[in-house]
Amino acid sequence: MRLKPFPTFLYLLCLPGVAAAGEKTVYGLNEYASLDGINLEVAAKLDTGAKTASLSARDIKRFKRNGESWVRFYLAIDAAHSHPIERPLARVSKIKRRAGDYDPDEGKKYTARPVIELDICMGSALRSIEVNLTDRSAFQYPLLIGSEALKRFDALVDPSLKYAAGKPACATDAHTAE
């Protein structure tokens, strides 16, 4: 059998991409995520069109502790989360407002949201990601995982799948990937 040079060349060009894709984990449009340190498992929406991750929170207050900026909030998931959570403030992000959320009289096209670092487990992968806090109680999923966090998970998202990674199963002493 004799191989034709051009199709063989094209095939060889595709191999590095296939190898890189083989190292990634395939996740579905929705996945179970465990919020390490909060002892909570939630359903998350994986959104490659969103840059950042968002967690549903309410009564968000910034404060100082030993000269450092911190944030105190309650989870806005259901009535069972009545205790406050406190985390160091990583930064404040500017999130572009949607057309329906924009008030021309106010003139602000962005909304400021506090950002915290949170260890998230999906499948067997534990990663430290930045999560902005906002009230997502009007949405079906309390956690949205955007493209920056998906990069940290080395994720490929197949929107035809749901819960492809199964229940979170991270070892308690697992180290987060950088």
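Procedures and definitions
- Residues numbered from 1 in each chain as written.
- Predicted model: local features only at pLDDT ≥ 70, side-chain atom pairs only at ≥ 80, totals over all residues.
- Heavy atoms only, no water.
- Helix = DSSP H or I, 4+ residues; strand = E, 2+ residues; numbered from the N terminus.
- Buried < 20%, exposed > 50% of the residue type's maximum accessible area, 1.4 Å probe, protein only.
- Contact = heavy atoms within 4.5 Å.
- Areas by Shrake-Rupley, 256 points an atom, 1.4 Å probe, with all protein chains shown as cover.
- Phe/Tyr/Trp six-rings, centres within 6.5 Å; stacked < 30°, edge-to-face > 60°.
- Lys NZ or Arg CZ within 6 Å of the ring centre and 35° of its normal.
- Disulfide = S-S within 2.5 Å.
- Pairing = 2+ DSSP bridges.

For the rest of this paragraph, the subject is the overall build of the protein chain. The number of helices and strands found in the protein chain is 2 helices and 10 strands. In the protein chain, the order of α-helices and β-strands from amino to carboxyl end is α-β-β-β-β-β-β-β-β-β-α-β. For the protein chain, with 178 residues in total, the buried portion stands at 34%. Taking contacts inside the protein chain between residues at least 6 apart in sequence as the whole, the part at least 24 apart equals 59%. About 11,100 Å² of surface is accessible on the protein chain, with carbon and sulfur atoms providing 52% of the total.

As a further point, take unusual backbone geometry. At D154, a position not held by glycine, the phi torsion is positive, near 50°. When you line up the elements, D154 lands in the loop between α2 (147-152) and β10 (155-162). By relative accessible area, D154 is classed as partly exposed at 37%. Phi at Y163 is positive, roughly 55°, even though this residue is not glycine. Tracing the sequence through the fold places Y163 in the segment after β10. Given the relative accessible area of 26%, Y163 is considered partly exposed.

Let's shift gears to the packing of aromatic side chains. Tallied over the full model, the rule gives 3 aromatic pairs. With centroids separated by 6.4 Å and ring planes inclined at 35°, the aromatic side chains of F63 and W70 adopt a geometry described as tilted. You'll find F63 and W70 in the same group, each marked buried. The ring centre of F63 lies 4.2 Å from the NZ or CZ of R72, which sits over that ring.

Turning our eyes to something else, we now look at the state of the cysteines. Summed over the entire model, instances satisfying the criterion amount to 1 disulfide. Residue C121 pairs covalently with C170 via a disulfide, S to S 1.9 Å. Taking the torsion about the S-S bond as the criterion, the C121 to C170 disulfide, at about 95°, is right-handed. Residue C121 is located in strand β7 (residues 110-122), and its partner C170 is located in the segment after β10; the two are separated by 49 residues in the primary sequence.

Take the environment of F139 next. Assignment of secondary structure puts F139 in the loop between β8 (125-134) and β9 (143-145). For the pair F139 and I77, spaced 62 residues apart in sequence, the C-alpha separation works out to 9.9 Å.

What follows is about the pairing of β8. Of all 10 residues in β8, 9 are buried, a share of seventy percent or more. Between β7 and β8, which pair antiparallel and follow one another directly, the connecting turn spans 2 residues, one of which, G123, has a positive phi of 60°.

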